[in-house]
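A closer look at the structure
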Amino acid sequence: MSLRRVLRMGDPQLLQVSEPVRNLDSPELLELLADMRETMAALSGAGLAAPQIGVPWRIVIFGTGVPNPRYPEAEIVPATVLINPQLQPLGEQMQQDWEGCLSVPGMRGLVPRYQQLHYRGVDEQGRAIDRRVSGFHARVVQHEVDHLDGILYPMRMTDMSQFGFNEELFPGQGLEDE
């Protein structure tokens, strides 16, 4: 296991569409997942996509467990490895909320996302994952899966006046160091 460097907005690798994972039995996959977990935990992330650490595979991990210091008010999201995800919005209802990203450090933006979502994929053992979720859980999944298609959250924003540095948008709330 090792901490991986998270690519930052501007790196062209973040704009590429990722390839499906074809071999769940590879030692490279297990090593990647261990590194992703360690990296996400070290940075207090709510999720991490393989492209964010330079691996163009359709893999995301997410979960908040105990309250996350980057999202202290957010609901708990179960720790999940999601390989080759497929998303389907449930309805047309959208909600705007603040998002941050390990690839856009120190900043937040107000992003519209579907409020309810059905997602499918497999975990690292090839077991099917099939969930219907809403709220913060749905937001995290949409955010992470966007990375697999070369989309960063500022590209989803509709009002760039709602994008800025944490210490300017949320003074005194302890988000300055992320």
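Up top is the structure these notes are about.
Scope of this entry: the structure provided in the associated data block. (Residues numbered from 1 in each chain as written. Predicted model: local features only at pLDDT ≥ 70, side-chain atom pairs only at ≥ 80, totals over all residues. Heavy atoms only, no water.)

Side note on unusual backbone geometry
Despite not being glycine, Ser44 has its phi angle at roughly 55°, a positive value. Residue position: Ser44 is located in the loop between α1 (27-42) and β1 (47-49). Its identity as a non-glycine residue notwithstanding, Asn84 has a phi of 50°, on the positive side. Turning to its location among the elements, Asn84 is positioned in strand β3 (residues 80-89). Judged by its relative accessible area of 24%, Asn84 falls in the partly exposed class. (Helix = DSSP H or I, 4+ residues; strand = E, 2+ residues; numbered from the N terminus. Buried < 20%, exposed > 50% of the residue type's maximum accessible area, 1.4 Å probe, protein only.)

Digging into the nonpolar core
Ranked by internal contacts, the top residues of the largest apolar core, which has 17 residues, are Val60, Phe62, Leu82, Leu117, Tyr119, Phe136 and Val141. Secondary structure elements with two or more residues in this core: β2 (59-62), β6 (116-122), β7 (128-134) and α2 (135-148). Considering each element in turn, this core owes the most residues, 6 residues, to α2. Excluding residues within four positions of it along the chain, Leu82 makes contact with Arg58, Ile59, Val60, Phe62, Tyr119, Arg120, Gly121, Val122 and Ile129. Counting residues in hydrophobic clusters, the runner-up holds 16 residues, among them Leu29, Ile61, Val81 and Ile83. (Core = buried A, V, L, I, M, F, W, Y, C linked by side-chain atoms within 4.5 Å. Contact = heavy atoms within 4.5 Å.)

Quick look at the sheet that holds β7
Spatially, the 5 strands line up as an open sheet ordered β1-β2-β3-β6-β7, and their pairing is antiparallel. Strands at the two margins of the open sheet, each flanked by one partner only, are β1 and β7. Across the sheet, the mean angle separating the axes of adjacent strands is 35° when strand polarity is ignored. Bridge count between β1 and β2: 3 bridges; the pairing is antiparallel. Among the inter-strand pairings, Leu48 is bridged to a residue of β2, identified as Ile61. Taken strand by strand, α1 contacts β1, β2 and β3, and its axis lies near 40° from that of β2. With respect to the sheet, α2 is in contact with β1, β2, β3, β6 and β7, its orientation differing from that of β2 by roughly 150°. (Pairing = 2+ DSSP bridges. Axes fitted to C-alpha atoms, helices over the stretch in contact; angles between N-to-C directions.)

What about the pattern of salt bridges?
For the structure on display, the rule yields 8 salt bridges. A salt bridge links Arg58 to Asp149; the shortest N-O distance between them is 3.1 Å. Here Arg58, found in the loop between β1 and β2, pairs with Asp149, found in the loop between α2 and β8 (163-165); they are 91 residues apart in sequence, far enough to count as distant. Residue Arg58 is classed as buried on the basis of its relative accessible area of 14%. Overall, the relative accessible area of 33% leaves Asp149 in the partly exposed class. One continuous salt-bridge network, built from bridges that share partners, spans Glu99, Arg113, Arg139, Asp146 and Arg156. (Salt bridge = Lys/Arg side-chain N within 4 Å of Asp/Glu carboxyl O.)

With respect to the sheet that holds β8
Across the sheet, 3 strands lie side by side as β4-β5-β8; this open sheet has antiparallel pairing. Both edges of this open sheet fall to β4 (94-101) and β8, since each of them pairs with a single strand only. Averaged over all neighbouring strand pairs, the angle between strand axes comes to 20°, with direction disregarded. Note: β4 against strand β5 (residues 104-114), 7 bridges, orientation antiparallel. Bridge pairing links Glu99 to Gly109 in β5.

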